[in-house]
Amino acid sequence: RLWRGGVSQPPFLLALGGRYAKLDLRFNVRGLGRVDIGLSEFEAVNFVAPHKMLRKELRRVGTFRQKFHPFVAPLADEAFVLHFTGELKP
């Protein structure tokens, strides 16, 4: 199999031929405008020193208490690009 993925992605990947660099997470802080954060996202976020206080501000919501409110994007203040999606998208 030559490639996997989307319709326009395979030709793009072939053209790059592995010549690319991984960008820092600050280059696309995504998900802004959402109401809550999922459990897996909550566990994956590394709440480093300045963001440890955010944990006490998050509260469990939903039927099975698997989401946290409000949505938190710890890198938003350092972002190069802010990507708004979700219900509260401006």
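Summary of the structure given here.

Conventions used here
- Within each chain, residues carry numbers counting from 1 in the order of the written sequence.
- Restriction of local features to residues with pLDDT of at least 70 applies here, the model being predicted, together with a cutoff of 80 or more for giving and counting side-chain atom pairs; totals for whole chains, interfaces and linings are based on all residues.
- In computing side-chain properties, one takes all heavy atoms of the structure into account and sets aside hydrogens as well as water.
- Put simply, DSSP marks the helices as runs of H or I at least four residues long and the strands as runs of E at least two long, and each gets a number from the N terminus on.
- Per-residue accessibility, obtained with a 1.4 Å probe over protein chains only, is compared with the maximum for each type, and a residue is labelled buried under 20%, exposed over 50%, and partly exposed between these values.
- Residue contacts are defined here by distance: any two heavy atoms, one from each residue, within 4.5 Å place the two residues in contact.
- Accessible surface is estimated by sampling points in the Shrake-Rupley manner with a 1.4 Å probe; for residues, cover comes only from the protein chains shown.
- Two strands are said to pair when DSSP picks up at least two bridges between them.
- Two rings belonging to Phe, Tyr or Trp (six-membered ring only in the last case) form a pair when the distance between their centres is within 6.5 Å. Interplanar angles under 30 degrees mark stacking, angles over 60 mark edge-to-face geometry, and anything in between is tilted.
- A positive count includes Lys and Arg, and a negative count includes Asp and Glu. His and the chain ends are not counted in either.
- Counted as salt bridges are all cases of a side-chain nitrogen of Lys or Arg within 4 Å of a carboxyl oxygen of Asp or Glu.

Quick word on the overall build of the chain
Inference 1: When its secondary structure is counted, the chain shows 3 helices and 5 strands.
Inference 2: Secondary structure elements of the chain, listed N to C terminal, follow the sequence α-β-β-α-α-β-β-β.
Inference 3: Taken across its 90 residues, the chain has 19% of its residues classed as buried.
Inference 4: Put simply, of all contacts in the chain between residues at least 6 apart along the chain, 66% involve residues at least 24 apart.
Inference 5: As presented, the chain carries roughly 7,400 Å² of accessible surface, and 57% of it is formed by carbon and sulfur atoms.

Section: the environment of Glu78
Inference 1: Locating Glu78 in the fold gives a position in the loop between strand 4 (67-69) and strand 5 (82-84).
Inference 2: Residue class for Glu78 comes out partly exposed when judged on its relative accessible area of 37%.
Inference 3: Linking Glu78 and Phe27, residues 51 residues apart in sequence, is a C-alpha distance of 9.2 Å.

Considering the sheet that holds strand 4
Inference 1: Across the sheet, 3 strands lie side by side as 2-4-3; this open sheet has antiparallel pairing. The two strands at the open ends of the sheet, each matched to only one other strand, are strand 2 (37-38) and strand 3 (59-61).
Inference 2: The pairing of strand 2 with strand 4 spans 2 bridges and is classified as antiparallel. Each residue of the ladder has a partner; that of Gly38, found in strand 4, is Lys67.

Details of the environment of Ala73
Inference 1: Along the chain, the position of Ala73 falls in the loop between strand 4 and strand 5.
Inference 2: Ignoring sequence-local partners within four residues, the contact set of Ala73 consists of Val29 and Leu32.

Some thoughts on the packing of aromatic side chains
Inference 1: Within this structure, the stated rule accounts for 1 aromatic pair.
Inference 2: Ring centres 4.5 Å apart and planes at 35 degrees place the aromatic pair Phe27 and Phe80 in the tilted group. In this pair, Phe27 is assigned in the loop between helix 1 (9-16) and strand 1 (29-32) and Phe80 in the loop between strand 4 and strand 5, connecting sequence segments 53 residues apart.
Inference 3: Judged by relative accessible area, which is 37%, Phe27 ranks as partly exposed.

Here we look at the side chain of Asp36
Inference 1: Checked against the element boundaries, Asp36 lands in the loop between strand 1 and strand 2.
Inference 2: Buried charge Asp36 goes without a salt bridge, the closest partner of opposite sign being Lys67 at 4.3 Å.
Inference 3: Apart from residues no more than four positions distant in its own chain, Asp36 is found in contact with Lys67, Phe68, His69 and Phe71.

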